[in-house]
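Read off the chains here:
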Amino acid sequence: MRPAKAFQLDMKDLKSGSVDLWDIALMNDYLQMENDNEARIAKWRADNDGC
């Protein structure tokens, strides 16, 4: 349900088939990549705070 919430999908879109499992997988991959990138940026900022 993470993609449905993040991309504001209606349940009718999920039920009607206009959004399929491929779309959900792609959205999940995107959200995970975004989280990974944010964590890397936060780590870089923490490591380089005093420079």
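Residues numbered from 1 in each chain as written. Predicted model: local features only at pLDDT ≥ 70, side-chain atom pairs only at ≥ 80, totals over all residues. Heavy atoms only, no water.

### Side note on the overall build of the protein
Link 1 in the chain: Helices and strands together make up the secondary structure of the protein, namely three helices and zero strands.
Link 2 in the chain: Going residue by residue from the N terminus, the α and β elements of the protein occur as α-α-α.
Link 3 in the chain: For the protein, whose C-alpha radius of gyration is 16 Å, the value lies well above the compact-globule estimate of 10 Å for 51 residues.
Link 4 in the chain: Across its three principal directions, the C-alpha atoms of the protein cover 55 × 15 × 10 Å.
Link 5 in the chain: Just so you have it, the protein exposes about 4500 Å², and 56% of that area is on carbon and sulfur atoms.
Link 6 in the chain: Distance between charge centres in the protein, computed from 7 positive and 10 negative side chains, equals 4 Å. (Helix = DSSP H or I, 4+ residues; strand = E, 2+ residues; numbered from the N terminus. Rg over C-alpha atoms; globule rule 2.2 N^0.38 Å. Areas by Shrake-Rupley, 256 points an atom, 1.4 Å probe, with all protein chains shown as cover. Lys, Arg positive; Asp, Glu negative; His and termini not counted. Charge placed at Lys NZ, Arg CZ, Asp CG, Glu CD.)

### Quick notes on the environment of Asp-10
Link 1 in the chain: For Asp-10, the position within the fold is in the loop between helix 1 (2-6) and helix 2 (11-16).
Link 2 in the chain: Using a relative accessible area of 38% as the deciding quantity, one classes Asp-10 as partly exposed.
Link 3 in the chain: Separated by 35 residues in sequence, Asp-10 and Arg-45 have C-alpha atoms that sit 37 Å apart. (Buried < 20%, exposed > 50% of the residue type's maximum accessible area, 1.4 Å probe, protein only.)

### Here's the deal with unusual backbone geometry
Excluding glycine, residues mostly have negative phi values, and the peptide bonds linking residues are mostly trans.
Link 1 in the chain: You will see that Gln-8, though not glycine, has its phi angle at about 50 degrees, which is positive.
Link 2 in the chain: As for its placement among the helices and strands, Gln-8 is situated in the loop between helix 1 and helix 2.

### Some words on the confidence of the model for the protein
Link 1 in the chain: This prediction gives the protein a mean pLDDT of 92; 96% of its residues lie at or above 70.
Link 2 in the chain: The spread of mean pLDDT over the elements of the protein runs between helix 2, the lowest at 89, and helix 3 (residues 21-47), the highest at 96. (pLDDT = per-residue confidence, 0-100.)

### Some thoughts on the pattern of salt bridges
Link 1 in the chain: Applying the stated criterion across every chain yields a total of one salt bridge.
Link 2 in the chain: For the salt bridge of Asp-47 with Lys-43, the shortest nitrogen-to-oxygen distance reads 2.6 Å. Placement of the pair is Asp-47 and Lys-43 together in helix 3, with a separation of four residues, close to one helical turn.
Link 3 in the chain: Residue Asp-47 is classed as exposed on the basis of its relative accessible area, which comes to 51%. (Salt bridge = Lys/Arg side-chain N within 4 Å of Asp/Glu carboxyl O.)

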